[in-house]
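# Coordinates in review
Residue-level listing of the chains:
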Amino acid sequence: MKHLACLLAGFACTLAAHAGEVQVAVAANFTAPMQAIAARFEQDTGHKALLAFGATGKFYAQVRNGAPFEVLLAADDETPARLENEGQAVAGTRYTYAVGRLVLWSAQAKLVDGRGEVLESPDFRHLAIANPKTAPYGAAAITVLDRLGLRAAVQPRIVQGESIAQAYQFASTGNAELGFVALSQVWRDGRFTAGSGWIVPARLHEPIRQDAVLLAKGRANPAARALLAYLRSAEVQALIRSYGYET
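From a predicted model like this one, the values you see are computed outputs, not experimental measurements. (Residues numbered from 1 in each chain as written. Predicted model: local features only at pLDDT ≥ 70, side-chain atom pairs only at ≥ 80, totals over all residues. Heavy atoms only, no water.)

### Things to note about the sheet that holds strand β1 (residues 21-27)
Spatial strand order, β2-β1-β3-β12-β4: 5 strands in an open sheet with mixed pairing. Where the open sheet ends on each side, the last strands, each with one partner, are β2 (48-54) and β4 (95-100). The mean inter-strand angle of the sheet, taken between neighbouring strand axes irrespective of direction, is 20°. Pairing of β1 with strand β3 (residues 71-73), which is carried by 3 bridges, proceeds in the parallel orientation. Bridging across to β3, A25 finds its partner in L72. Contacting β1, β2 and β3, helix α2 (residues 31-45) runs over the sheet at an angle of about 170° to β2. (Pairing = 2+ DSSP bridges. Helix = DSSP H or I, 4+ residues; strand = E, 2+ residues; numbered from the N terminus. Axes fitted to C-alpha atoms, helices over the stretch in contact; angles between N-to-C directions. Contact = heavy atoms within 4.5 Å.)

### A closer look at the side chain of T79
Checked against the element boundaries, T79 lands in helix α4 (residues 78-85). When its relative accessible area of 4% is taken as the criterion, T79 is described as buried. Every residue in contact with T79, bar those within four places of it in the chain, is listed here: T56, Y60 and L72. (Buried < 20%, exposed > 50% of the residue type's maximum accessible area, 1.4 Å probe, protein only.)

### Re the sheet that holds strand β5 (residues 102-106)
One open sheet holds the 5 strands; their spatial order is β7-β6-β8-β5-β11, and the pairing between them is mixed. Either end of the sheet is taken by a strand with one partner, and the two such strands are β7 (158-161) and β11 (196-199). When the angles between neighbouring strand axes are averaged without regard to direction, this sheet yields 30°. Pairing of β5 with strand β8 (residues 178-182) involves 4 bridges; the strand directions are antiparallel. Bridge assignment links W105 to a residue of β8, and that residue is G179. In this fold helix α7 (residues 164-172) packs onto β5, β6 (127-130), β7 and β8, with an angle of close to 140° to the strand it touches most, β8.

### Regarding α4
Helical periodicity: at 3.6 residues per turn, an α-helix aligns residues three or four positions apart in one direction. For α4, the full list of buried residues reads T79, P80, A81, L83 and E84. Where α4 is buried, its residues contact α3 (56-64), β3 and β12 (208-214). Positive phi shows up at G87, right after α4, with a value of about 80°.

### Some words on the confidence of the model for the chain
As a note on interpretation, predicted positions should not be read in detail where pLDDT is low. Across the chain, the average pLDDT comes to 93, with 93% of residues at 70 or higher. Across residues 4-17, where pLDDT falls below 50, the model places 2 contacts with residues more than four positions away in sequence or in other chains. (pLDDT = per-residue confidence, 0-100.)

### With respect to α2
Its 15 residues place the ends of α2 21 Å apart at the C-alpha level, agreeing with the 21 Å of an ideal helix rising 1.5 Å per residue. The elements touched by buried residues of α2 are β1, β2, β3, α8 (222-231) and α9 (234-242). (Expected span 1.5 Å × (residues − 1).)

Here it is in structure tokens:
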């Protein structure tokens, strides 16, 4: 027993000796799964992921201005590709870690029908969306409204959040009766966690491919590369799908 304790102590010391930290910029829609992943990552590898959440467009600007991020988990595939082309990310490290789904959601039970027809009704005063200029889910929401021919009709009722997290906050608190949010914010293990929602058909907007990439500042950090590999593991991919993403 004493020998086993010594072995375990030695293993813990070895982990600690090789453990590192990685600064990660995470798209706001991926907050809940990434918090769970980061905890498992530290437990399994000893490495600690230091997380910052926000709009992908803002992270792009921050990386260009020297922010210390080492890994980017974006809400689109264009931003990581742009950073790679500009020499701000390491070529060959970019891949799609999740495909997001957009949902029209309300904190009120039964307000949102199964086809989103509530958008054509007078039953709401405010519709929350993320800033379409910096948040891919906001851009997708505008595309949906355009393809449904409803943008002009609902424009006066749109309230815009800085990120998808703020759009969700507007809807979850009832400050907006409706919100176009990420399915991952309101979905767990095959069902809505609260309220009512319409999962927007994928045909109504471009696929929300969310790419991860190793940023230039993380090139020599083993913890950064370890995190990117960890995200591709079968266990983590299953966890990501439980939040409503496709992988």
